[in-house]
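Single-letter residue listing:
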Amino acid sequence: MEQLLRAELRTATLRPFGSPGAGCISEGRAYDTDAGPVFVKVNPRTQARQMFEGELASLEALRSTGLVRAPRPIKVFDLPGGGAAFVMEYLKMRGLSSQAAKLGDQVADLHLYNQKLRDKWRKEEHTVGRRAEGGEPQYVTKFGFHTVTCCGFIPQVNEWQDDWSTFFIRHRLQAQMDLIEKDYGDREARELWSQVQVTIPDLFCGLEIVPALLHGDLWSGNVAEDDSGPIIYDPASFYGHSEFELAIALMFGGFPRSFFTAYYQKMPKAPGFDKRLLVYHLFNYLNHWNHFGREYRSPSLSTMRKLLK
């Protein structure tokens with residue numbers, strides 16, 4: 001592995017430091033190189049390259065806004081025995097605590113970023129002699145992303161859609177339910193889903209949803225801080241409804257309250273928020289069922305029953 005890394009990074013120096021890390025999906029190790037410290041994630045799965053390329057594209061999209069801090073992606077390459085490796089900038093991180101409010105503020109700005117591009121585009125559309133389009137970021141009018149991303153190890157189709165509920169039902173919930181049907185053939189899940197799916201579009205009636213660039217998997221294990229401020233990593237980005245991001249931020253340990261206080265100051269809750277949050281929780285429970293097994297069956301079914309009340 002080290003010989004391959006030297007060749008891929010064109011470095012004479014390759015010195016491991018710190019302890020190897022094993023996440024839920026991939027293993028990681030930090031190295032000193034001629035160009036500075038890097039962090040290398042390794043995964044033996046056949047779809048690892050697709051997974052890492054989606055993460056690379058996500059990091060590039062998030063960093064391009066200038067609003068959030070994330071590791072700079074460097075390179076994805078195949079491993080001879082199968083699988084792939086992903087090299088990125090090494091950042092010395094600690095758990096999110098004192099920087100939680102700042103992160104809430106930054107995530108709100110990230111979610112408003114495309115909306116501000118829309119407002120600017122509308123203003124310039126009616127301006128005589130407005131600037132010709134150059135290398136400036138463009139307003140994204142649809143929901144999706146330009147490439148496949150993976151939430152965990154499950155590939156997510158991000159084909160562009162005009163309508164959010166269509167995108168969310170088809171490419172997020174139905175995709176998860178198809179995997180559960182394939183692996184478990186769970187009759188109760190199937191019957192509940194057949195009732196729930198027809199009610200979901202109603203949750204979005206009368207709501208203007210501007211596509212927002214999302215981290216896509218913003219739980220407490222994918223955020224950190226250092227002396228410079230908050231850091232986000234391991235994204236599965238796409239343009240979606242900003243509320244989708246908050247569901248997992250409220251689950252599995254959650255974030256400090258100061259994160260949400262700062263966020264809601266810029267992005268107040270819209271009417272119907274709590275019911276929509278349930279359907280976003282459902283996605284995360286289904287995704288965990290598919291990743292980690294039947295212990296997530298009960299919360300998945302319970303959430304579907306709550307949605308039918």
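Everything numeric here is computed off the predicted structure, so don't read it as measured data.

Caption draft 1: Summary view of the environment of A12. With respect to the secondary-structure elements, A12 resides in the loop between α1 (2-9) and β1 (14-22). Using a relative accessible area of 61% as the deciding quantity, one classes A12 as exposed. Spatially, the C-alpha atom of A12 lies 7.3 Å from that of T33, the residues being 21 residues apart in sequence. Discounting residues that sit within four places of it in the chain, A12 has contacts with R6 and D34.

Caption draft 2: Expanded view of the packing of helix α5 (residues 187-196) against helix α9 (residues 297-307). Put simply, α5 and α9 touch, their axes get as near as 10 Å, and they point 30° apart. Relative to α9, the element α5 is oriented roughly parallel. Handedness of the α5/α9 crossing: left-handed. Residues E188, A189, L192, W193 and V196 of α5 form the contact with α9, whose own contacting residues are R297, L301, M304, R305 and L307. For the contact of α5 with α9, the class distribution of residues is 7 nonpolar, no polar and 3 charged.

Caption draft 3: Representation of the packing of aromatic side chains within the structure. Following the criterion strictly, the structure yields 27 aromatic pairs and no others. With a centroid separation of 6.4 Å and an interplanar angle of 40°, the aromatic rings of F255 and F260 are classed as tilted. Each member of the pair, F255 as well as F260, is classed as buried. Considering the side-chain rings of F292 and Y296, the 6.4 Å spacing of their centres and the 50° angle between planes classify their relative orientation as tilted. Put simply, the rings of F143, W164, F167, F168, F204, F238, F244, Y280 and F283 touch in pairs and so form one group of aromatic residues. The ring of F153 carries R45 above its face, with NZ or CZ at 3.9 Å from the centroid. Here R172 stacks its cationic end above the ring of F238, 4.3 Å away from the centre of that ring.

What counts, and at which threshold
- Residues numbered from 1 in each chain as written.
- Predicted model: local features only at pLDDT ≥ 70, side-chain atom pairs only at ≥ 80, totals over all residues.
- Heavy atoms only, no water.
- Helix = DSSP H or I, 4+ residues; strand = E, 2+ residues; numbered from the N terminus.
- Buried < 20%, exposed > 50% of the residue type's maximum accessible area, 1.4 Å probe, protein only.
- Contact = heavy atoms within 4.5 Å.
- Axes fitted to C-alpha atoms, helices over the stretch in contact; angles between N-to-C directions.
- Parallel < 35°, antiparallel > 145°, perpendicular 65-115°, else oblique.
- Left-handed = near helix turned anticlockwise from the far one by under 90°.
- Nonpolar A, V, L, I, M, F, W, Y, C, P; charged D, E, K, R; others polar.
- Phe/Tyr/Trp six-rings, centres within 6.5 Å; stacked < 30°, edge-to-face > 60°.
- Lys NZ or Arg CZ within 6 Å of the ring centre and 35° of its normal.

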